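Structure assessment
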Amino acid sequence: MELKNFTISRAHELLKSREVSSVELTRAFLGEIEKKDKDIHAFLSVHSEYALAQAEEVDKKIARGEELGLLAGVPCAIKDNILVDGLPATAASKILKSYRATYDATVVSYLKKEGAVILGKTNLDEFAMGSSTENSAFGPTRNPHDHERVPGGSSGGSAAAVAAGECLWALGSDTGGSVRQPAGFCGVYGLKPTYGAVSRYGLIAMASSLDQIGPFARSVEDIATIFEAIAGPDPYDSTSSPVGDYRGLSEVANWKLKIENLRIGVPKEYFVTGLDPKVEEVVRKAITQFESLGAEVTEISLPHTPYALACYYIVMPAEISANLARYDGIKYGLSKTENRKSKKEGLQELYFETRGEGFGDEVRRRVMLGTYVLSTGYYDAYYAKAQKVRRLIRNDFENVLNEVDVILVPTSPTLPFKVGERTDDPLAMYLADVYTVSMNLAGVPALSIPCGSVGGLPVGLQIVGKHFDEKTVLQVAYMYEKANQKS
Amino acid sequence: MSISRKDVEHLATLARLGLSEDEKKKFEKDLERILAYVGELSKAYTGDVLPMTGGTELMNVVRRDEERVDSYEAKDYLFEQVPHKEGRHVKVPRILE
């Protein structure tokens, strides 16, 4: 079966017309994983029997002539920090190596109702902390475009799995760029929804005011399809919002936005020293293309941009330090009651040993950073200050998006870097996020689209929109996709 | 903001993280660099802007004050994940001397 240019919509056509069965499709992708994943390591666990059982259920539905949703029978992968009942959910950490999820994340329950076929759980930076997937306790994932390079992170496994053709789409999570940056590095589409658009119930929490689950796919229409299926308010997540109305969002026939009515803003603060000139060239070319297609492109300003990364690396570790307190060796996961470093027996020792051994370096670094910025004497200077700067960053976006419909920026300041290149310098690794963190702080939706390459290495462009205006973001991406489609 | 070995030990104690001597040395260096970077935020003028205390503008999200009853068996399933147990009790180290 020729899987190369498959999309969800294509697979759906073939399943509906019975040219291919879900079991055949699933076997084909399991075959791709078997062939490629020893080199790429996108998956932490593959569940063939489970996937084939799901596929058989869909095939029975097809045989009964039942109505088939767009995602039914289509193979996908789920990041290993999103819970799928009965399957492992390790968060790529030793502390959860033995943990099996005891319930479905809300988004997973929606996908199962749609008949999606889950092939396995994908690799990530431990507890979603990282920009390269090198912080995984179980080994890094490789970029399918160049195995010496990183796929980005933290959802590197999901991005690589889609890019390598090991599945048709995948779910990841984005707290500071963890869907968009790997999407950019791997040459696929990746969406961070508006904060609150998608339920976080069943997503292993990293930073609760920033986390969002988002899809990876090979076309804009596919992204829209997945997003419509997973979005919506959820009584189990009180931060999920009823504001966004996404029914019918994925019906491309109803996408009526005209390019001549489109106002695009390009923030000058994103095109400064630090942006690789080769990346800038590709990104500017894409923006110019929008202009030649008829859009109005103006330079705008997001003045608090220079403070965004510092703001993020105060707010996020603070929330992490609270969210990771639950990993204590009592209720689940690693529990160090033997082979200890200390001879002492008490509760405190259990905590120290379990967390000391179970958490990797980056996790412990961020937990300590968070503990510091929240502690007495430092709270005002760091955390309270960061919360105020965050408000200003959000205001920047809201102000600009009153004047323009979308903002275009590069996804990453550099091309995908080599494995091992930044692992000695945490700060150098953090700089990979400089173009993505602002959108999480502000809560606005952002989609990374492939817009070209340099020496075979993908370059991503972000389309940023108003809160809950994924519809405009997707339509803009669709315009670009259509204009660049090879017939 | 300069960070000392004692600071690192204090943070590790607060966060219940076991660290080796080598790790303490490494984290001391890392945290110092990172704090120097994020400390630049003090230069941002924030005036009397209202802090953003979360990711959403939603307030007072409530639900009915009703008991939701899960089956006894459902709890068995959760129990499978508990590392140390005796029957349906979670076993913990002694906390009272």
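Below: a short report on this structure. (Residues numbered from 1 in each chain as written. Chains lettered and ligands numbered in written order. Predicted model: local features only at pLDDT ≥ 70, side-chain atom pairs only at ≥ 80, totals over all residues. Heavy atoms only, no water.)

With respect to the overall build of chain B
- Secondary structure assignment for chain B yields 3 helices and 2 strands.
- For chain B, the succession of helices and strands along the chain, N to C, is α-α-α-β-β.
- Taken over C-alpha atoms, the radius of gyration comes to 23 Å for chain B, far larger than the 13 Å a tight globule of 97 residues would show.
- Counting across all 97 residues of chain B, residues that qualify as buried make up 26%.
- For chain B, the share of sequence-separated contacts (at least 6 apart) that also reach a separation of at least 24 residues comes to 22%.
- When the accessible surface of chain B is split by element, carbon and sulfur atoms take 52% of a total near 7400 Å².
- If you average the places of the 17 positive and of the 20 negative side-chain charges in chain B, the two averages end up 4 Å apart. (Helix = DSSP H or I, 4+ residues; strand = E, 2+ residues; numbered from the N terminus. Rg over C-alpha atoms; globule rule 2.2 N^0.38 Å. Buried < 20%, exposed > 50% of the residue type's maximum accessible area, 1.4 Å probe, protein only. Contact = heavy atoms within 4.5 Å. Areas by Shrake-Rupley, 256 points an atom, 1.4 Å probe, with all protein chains shown as cover. Lys, Arg positive; Asp, Glu negative; His and termini not counted. Charge placed at Lys NZ, Arg CZ, Asp CG, Glu CD.)

A word on the side chain of Lys121 of chain A
All names here are of chain A.
- Its location among the elements puts Lys121 in strand 3 (residues 117-122).
- Since its relative accessible area comes to 0%, Lys121 is described here as buried.
- At a separation of 2.9 Å, a polar atom in the side chain of Lys121 contacts the main-chain carbonyl oxygen of Ile82.
- Sequence-distant contacts of Lys121, that is, excluding residues within four places in its chain, are made with Phe43, Leu44, Ser45, His47, Ile78, Lys79, Asp80, Ile82, Val84, Leu87, Pro88 and Ala89. (Polar contact = N/O pair within 3.5 Å; in protein donor to acceptor, adjacent residues only side chain to side chain.)

Some details on the interface of chain B and chain A
- Taken residue by residue, the interface counts 54 residues in chain B and 63 residues in chain A.
- Buried surface at the junction of chain B and chain A, both sides included, amounts to about 5200 Å², of which 67% is carbon and sulfur.
- Summed over the three residues of chain B that lose the most area to chain A, namely Leu41, Met52 and Gln81 of chain B, the buried surface amounts to 14% of that side.
- One can count 5 salt bridges joining chain B with chain A.
- The residue Arg391 of chain A makes a salt bridge to Glu57 of chain B at a minimum N-O spacing of 4.0 Å.
- Here chain B and chain A share 18 residue pairs in polar contact (both at pLDDT 80 or more) between them.
- Elements with a contribution of two residues or more to the side of chain B that touches chain A: helix 1 (5-14), helix 2 (21-38) and helix 3 (72-79) of chain B.
- Considering every element that reaches the side of chain B that touches chain A, the biggest residue donor is helix 2 of chain B, with 10 residues.
- Considered class by class, the residues forming the side of chain B that touches chain A number 32 nonpolar, 12 polar and 10 charged. (Buried area = accessible area lost by both parts, 1.4 Å probe. Salt bridge = Lys/Arg side-chain N within 4 Å of Asp/Glu carboxyl O. Nonpolar A, V, L, I, M, F, W, Y, C, P; charged D, E, K, R; others polar.)

Some points on the sheet that holds strand 3 of chain A
All names here are of chain A.
- Read from one edge of the open sheet, 11 strands run 1-3-2-4-6-5-10-11-9-7-8, paired in mixed fashion. Here the strands that pair on one side only, and so sit at the sheet edges, are strand 1 (43-46) and strand 8 (296-300). When strand polarity is set aside, the average angle formed by the axes of neighbouring strands in this sheet is 30°.
- Sheet strands in contact with helix 5 (residues 156-163) are strand 1, strand 2 (75-79), strand 3, strand 4 (169-174) and strand 6 (212-217), and its direction is about 155° off that of strand 4. (Pairing = 2+ DSSP bridges. Axes fitted to C-alpha atoms, helices over the stretch in contact; angles between N-to-C directions.)

Points about helix 5 of chain A
Residues and elements named next belong to chain A.
- Most of helix 5 is tucked away, with 7 of its 8 residues classed as buried.
- Burial in helix 5 covers these residues: Gly156, Gly157, Ser158, Ala159, Ala160, Ala161 and Val162.
- In the stretch just after helix 5, Gly165 is the one whose phi turns positive, near 75°.

A word on the pairing of strand 3 of chain A
All names here are of chain A.
- Most of strand 3 sits out of view: 6 of its 6 residues are buried.
- Where strand 1 meets strand 3, 3 bridges bridge the pair, whose relative direction is antiparallel. When the bridges of strand 3 are listed, Ser45 appears paired with Lys121.
- Strand direction decides the pairing type here: strand 2 and strand 3, joined by 5 bridges, are parallel. Bridge pairing in strand 3 links Lys79 to Thr122.
- Between the parallel pair strand 2 and strand 3, the chain is carried across by helix 4 (residues 106-114), and the sense of this crossover is right-handed. (Right-handed = clockwise from strand over helix to strand, strands pointing away.)

Concerning the side chain of Asp125 of chain A
Residues and elements named next belong to chain A.
- Along the chain, the position of Asp125 falls in the loop between strand 3 and helix 5.
- Arg366 provides the closest opposite charge to the buried, salt-bridge-free Asp125, at an N-O distance of 7.2 Å.
- In contact with Asp125, other than residues within four places in its own chain, are Ala91, Ala92, Gly130, Ser131, Ser132, Thr133, Glu134, Asn135, Ser136, Gly153 and Ser154.

Focus on the pattern of salt bridges
Residue and element names in this part refer to chain B.
- Counted according to the given criterion, the structure contains 32 salt bridges over all chains.
- For the salt bridge of Glu9 with Lys24, the shortest nitrogen-to-oxygen distance reads 3.3 Å. On the criterion of sequence distance, the pair formed by Glu9 in helix 1 and Lys24 in helix 2 is long-range, its members being 15 residues apart.
- For Lys24, a relative accessible area of 14% corresponds to the buried category.
- In this structure, Lys24 and Glu21 form a salt bridge, with 3.0 Å as the shortest nitrogen-oxygen distance. Here Lys24 pairs with Glu21, and both are found in helix 2, just 3 residues apart, close to one helical turn.
- Since its relative accessible area comes to 48%, Glu21 is described here as partly exposed.

Concerning the packing of helix 1 of chain B against helix 2 of chain B
All names here are of chain B.
- Two numbers describe how helix 1 lies on helix 2: the axes approach to 9 Å, and their chain directions differ by 105°. In terms of orientation, helix 1 and helix 2 fall into the roughly perpendicular class. In this structure, helix 1 uses Arg5, Val8, Glu9 and Leu11 to contact helix 2, whose residues at the interface are Glu21, Lys24, Lys25, Glu28 and Leu31.
- Considered class by class, the residues forming the contact of helix 1 with helix 2 number 3 nonpolar, no polar and 6 charged. (Parallel < 35°, antiparallel > 145°, perpendicular 65-115°, else oblique.)

Observations regarding the layout of surface pockets
Residue and element names in this part refer to chain A.
- Here the largest pocket is characterised by a volume of approximately 1300 Å³.
- If you go around the largest pocket, you meet 40 residues; those closest to its centre are Asn5, Gly187, Tyr189, Arg218 and Pro450.
- For the lining of the largest pocket, the secondary-structure elements that each account for two or more residues are helix 1 (8-16), helix 2 (22-40), helix 5, strand 10 (446-454), strand 11 (457-464) and helix 15 (470-483).
- Of the residues belonging to the lining of the largest pocket, the class tally is 16 nonpolar, 12 polar and 12 charged.
- The space that makes up the second largest pocket amounts to roughly 540 Å³.
- If you trace the second largest pocket, you find 24 residues lining it, with Leu83, Tyr99, Tyr103, Arg326 and Tyr332 closest to the centre. (1 Å grid on protein atoms, 1.4 Å probe; cavity = no way out; pocket = protein on both sides within 12 Å on 5 of 7 lines; lining within 4 Å. Points joined across faces, edges and corners; volume = space filled by probe spheres on them.)

Examining the nonpolar core
Residues and elements named next belong to chain A.
- Ranked by size, the top nonpolar core spans 177 residues in total, and within it Phe127, Trp169, Leu171 and Phe397 carry the most contacts.
- Examining the composition of this core, we find that 11 residues originate from one element, helix 9 (residues 305-323), more than from any other.
- Counting 5 residues, the second largest nonpolar core, distinct from the first, contains Val150, Phe185, Met429 and Ala432. (Core = buried A, V, L, I, M, F, W, Y, C linked by side-chain atoms within 4.5 Å.)

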